[in-house]
Amino acid sequence: MNEPVIQLAHGGGGQMSAELLAEVILPALGGEVPARELMRGLTDSAVLEHVGSRIAFTTDSYVVQPLEFPGGDIGKLAICGTVNDLAVAGAAPRALSLALVLAEGLAVDVLRRVLRSAADAAREASVSIVTGDTKVVERGALDGMVINTAGLGEMLPQARLGFERIGEGDRIVLSGPLGEHGLAVMCRREGLGLASELQSDCAAIHVLTGALLAELGADVHFMRDPTRGGLAAILAEIAQGARRDIEIDQRSIPTNPTAVAAAEILGLDLLTVANEGKLVAVVSADSADRAAQVLAKHGIASQAAVIGTVAAARDGPLVEMVTHVGGRRVVQMPYGEELPRIC
Amino acid sequence: MAGPFDSLCEKIHEYCGSPALAGRGVQIMEVCGTHTVAIAQSGLRGLLPEALRLISGPGCPVCVTDRSYVDQALWLASGEDSTAELPIIATYGDMVRVPGSRGSLAQARAGGAQVAVVSSADQAVTLAKANPDRQVVFLAVGFETTAPGTALAVLRARDEGVSNFSALTAHKLILPAMRALLSGGEAKIDGFLCPGHVSVILGWAAYDEIVRDFGRPCVVAGFDPGNIVKGVEAILAQLVAGRPAACSVYPAVAHDGNARALKLLDEVFEPADATWRALGVIPSSGLALREEFAEFDAARRFNPPAEDSSDDPRCLCGEVITGRARPRQCALFGRECTPREPVGPCMVSSEGACATAYKYERDE
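Everything numeric in this text was worked out from a predicted model, so none of it was measured.

**Concerning the overall build of chain A**
Regarding its fold elements, chain A presents 9 helices and 13 strands. Taking 2.2 N^0.38 as the reference for a compact globule, 343 residues should give roughly 20 Å; the C-alpha atoms of chain A span a radius of gyration of 21 Å, in line with that estimate. Summarising its shape, the C-alpha atoms of chain A cover approximately 65 × 55 × 35 Å along the three principal directions. For chain A, the proportion of its 343 residues judged to be buried stands at 52%.

**So, the confidence of the model for chain B**
Looking at chain B as a whole, the pLDDT averages 91, with 98% of positions reaching at least 70. Here the predicted complex scores 0.81 on pTM and 0.73 on ipTM.

**A closer look at the nonpolar core**
Ranked by size, the top nonpolar core spans 131 residues in total, and within it Ala73(B), Ile89(B), Ala124(B), Phe138(B), Leu193(B) and Val219(B) carry the most contacts. For Phe138(B), the contacting residues outside a window of four places in its chain are Ala90(B), Ala121(B), Ala124(B), Ala153(B) and Ala167(B). One finds Phe69(A), Ala122(A), Leu183(A) and Val319(A) within the second-largest nonpolar core, a separate group that totals 106 residues.

**Quick word on the sheet that holds strand S9 (residues 246–248) of chain B**
Residue and element names in this part refer to chain B. Taken in spatial order, the 5 strands line up as S2-S1-S7-S8-S9 in an open sheet, and their pairing is parallel. Of all the strands in the sheet, the pair left with one neighbour each is strand S2 (52–59) and S9. Neighbour-to-neighbour, the strand axes of the sheet open up by a mean angle of 25 degrees, direction not taken into account. Of the strand pairs in this sheet, strand S7 (residues 191–195) and strand S8 (residues 218–221) are connected by 4 bridges, and their pairing is parallel. Bridged to Pro-195 within S8 is Ala-221. On the sheet, helix H11 (residues 225–241) packs against strand S1 (26–32), S7, S8 and S9 and is oriented at approximately 165 degrees with respect to S8.

**A few points about the interface of chain A and chain B**
With 18 residues of chain A at the contact, the number on the chain B side is 32 residues. Among the elements that make up the side of chain A that touches chain B, the one with the highest residue count is strand S13 (residues 328–330) of chain A (3 residues).

**So, the domain arrangement of chain A**
All names here are of chain A. Looking at the assigned domains, one finds that chain A contains domain 1 (8–155) and domain 2 (163–330). Distance between the C-alpha centres of domain 1 and domain 2: 28 Å. Listed per partner, the contact involves 21 residues of domain 1 and 23 residues of domain 2. Where the side of domain 1 that touches domain 2 is concerned, the elements lending two or more residues are helix H3 (74–88), strand S4 (91–103) and helix H4 (108–124). Among the elements that line the side of domain 1 that touches domain 2, the one with the most residues is H3, at 8 residues. For the side of domain 1 that touches domain 2, the residue count by class is 13 nonpolar, 6 polar and 2 charged.

**Comments concerning helix H12 (residues 259–268) of chain B**
Residue and element names in this part refer to chain B. By the burial criterion, the buried members of H12 are Leu-264, Leu-265 and Val-268. Seen from one end, H12 has its buried residues packed into an arc of 100 degrees, which puts them on one side. Among the exposed residues of H12, those pointing more than 90 degrees away from its buried face are Ala-259 and Lys-263. Where H12 is buried, its residues touch helix H7 (147–159), strand S10 (269–276) and strand S11 (280–289).

**What about the sheet that holds strand S1 (residues 55–62) of chain A?**
Residue and element names in this part refer to chain A. Taken in spatial order, the 4 strands line up as S1-S6-S4-S5 in an open sheet, and their pairing is mixed. Every interior strand has two partners, whereas the edge strands, S1 and strand S5 (128–137), have only one. Taken pair by pair, the neighbouring strands of this sheet meet at an average axis angle of 15 degrees, ignoring direction. In the sheet, S4 pairs with strand S6 (residues 145–155) via 11 bridges, with the strands oriented antiparallel. By the bridge assignment for S6, Ser-97 is matched with Ala-150.

What counts and how
- Along each chain, residue indices are assigned from 1 in the same order as the chain's sequence is written.
- Here every chain gets a letter starting at A, and every ligand a number starting at 1, in the order they are written.
- Selection of residues for local features in this predicted model requires a pLDDT of at least 70, selection of side-chain atom pairs for listing and counting requires 80 or more, and totals for whole chains, interfaces and linings are taken over all residues.
- Only DSSP runs of H or I covering at least 4 residues are called helices, and only runs of E covering at least 2 are called strands; the numbering of each starts at the N terminus.
- Using C-alpha atoms as the atom set, the radius of gyration is obtained and then compared with a globule rule of 2.2 Å times the number of residues to the power 0.38.
- With C-beta atoms placed from the backbone, a residue is buried if 20 or more other C-beta atoms are within 10 Å of its own, exposed if 12 or fewer are, and partly exposed between those counts.
- Confidence per residue, as judged by the predictor, is encoded in pLDDT with a range of 0 to 100.
- Take the buried Ala, Val, Leu, Ile, Met, Phe, Trp, Tyr and Cys residues, join any whose C-beta atoms are within 7 Å, and the set you get is a nonpolar core.
- For the purpose of contact definition, each residue receives a C-beta atom placed from its backbone, and two residues are in contact when these atoms lie within 7 Å.
- By definition, two strands form a pair when at least two bridges between them are found by DSSP.
- Axes, fitted as lines to C-alpha atoms, cover a helix only where it is in contact. Angles between the N-to-C directions of the axes lie from 0 to 180 degrees.
- Residue ranges for the domains trace back to a domain assignment, done automatically or taken from a database.
- Note that Gly is not counted as nonpolar here; it falls among the polar residues with everything else outside the nonpolar set of Ala, Val, Leu, Ile, Met, Phe, Trp, Tyr, Cys and Pro and the charged set of Asp, Glu, Lys and Arg.
- Within this analysis, the arc is defined by the directions that extend from the helix axis to the C-beta atoms.

Rendered as structure tokens:
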């Protein structure tokens, strides 16, 4: 394929579409298998065998600017995000779809890099991309590209998760420091020098959820990944869903000093900033310390810690935090887009 | 568990119980929105005596910006001045959602207006250079902290001949507002916790006039909770001793401030009357571009209509930023007015007293 940028005709279903698929998309995704062989095997649907009887099924669309950021890119994000949604549901990821919506004018090199990174992430997560689609829209209709992935997972037999399983005295376990993804992206976007030091935490966490369930089984009551809205949104959801209060202790929350500094500069509350490779688990009190130990054996969760407790609701479900200085504050569900402040 | 400021807090409790202060409530105004957030985020109030109240002041740039200014920005964004192409409005993020009489810039953007969020005035000049066919209007709001940035941007625009850049200025000065609050006499203010960032520019000696004319302690503090507690302790010590003074517990602040920044402000701006939300027009409380920079003044270039526009009469933002009401005393708070659907600016800005109370503090 000679064109350096995507053109509308690349999404038209004709020769140019076939070229894009055979010469860019499949080679980038396929690794060792020759594209010609892959092309021959293409049908309208993937057929999956031996997937199990309890299936988890999820989908998510990914938009991020810049498309490539420190620690990841939209391709890695699209794989890890969907793998993580399966993982926190208690499923082992088995198969993914990957649909691309490309803007006319997108550099083919960028597309190639993003897809290679998606393929790497899928390989690392031991999950196959089994079906896909490509469309092209007019320049200006979207910024670069959008990726949608859907995922199928096989429910792990030990998984018994749900709001109804959360009880008073349960502990909240967090796998690592907050805000790295959101701040890495924002620093890059704002041109803040910290961008070079701060990496997105973008990672697949199914190894963490799998290990927790294998070691602690039914003592794990609930799991979530704190993405958009950050830890604050997830805890508010858990409090609402379980109709209980949650109290966390700021002093036990793991931190990344660069992220703390960046949040301060941008005037953002770390609790509300997005993560893409963290796990929040609600576990029974007896198992809390072990849960943190099990997680900490994995590199992406080496700072895992028990950060809070579930309690009976006093007024209405509320999340409170004991602060560094021993004061207390409410942790609210953020309303939406957090805006960097003026000064 | 023992807190890091136990001994300081103990002293504060002692001061409040001492014969000089016992039995009377003490109100300390933190002038700056960043202080308001730090106090709420760290839950400091819970560590202080009940008789001691920390109240928010007029130091949140978004909160003090008059509604008519937002209306002017909206007018420019809509292209009603009939320039061929819609101008690009370059603004700090906080301003995007502040409601004017006819919606907000966020709503205007959804309707097709060109609104770009920048984190510095300099970025707005860069934006103008990248879009030579478009007018770029920078919404220049904020105190002495952001004004030097605007000054630098204007100088750069002049030096590099960026003729499509202009600034709609509403910069404000903190001292005239403090004087207006005390002269008005409506709020009981026993002392000021003065803003760290602004004071880096002004120097702590700038507050001498408040001490001289009004006899109120003025202590500059930084933004970590420890420094805030230290500042509060210093104010109380002055009150107990009956010796108000200007001083700083924030090491970054010098006696005379930042001479270079002050010179820059003087080079580009001149004092002008300014309209403050809730405080009205305060003489010489704002900064206007000097005559020689008139070509970069958006108000002169586009002549946006300056119309009086009134806030929702039930909104207490004016009372809140002058220390006359606490956020939860407003009937709209948490009901019709939330960070998601703000009625007044104190609920929009991340540093607004209402948004802060809503986000971090329980009902009293």
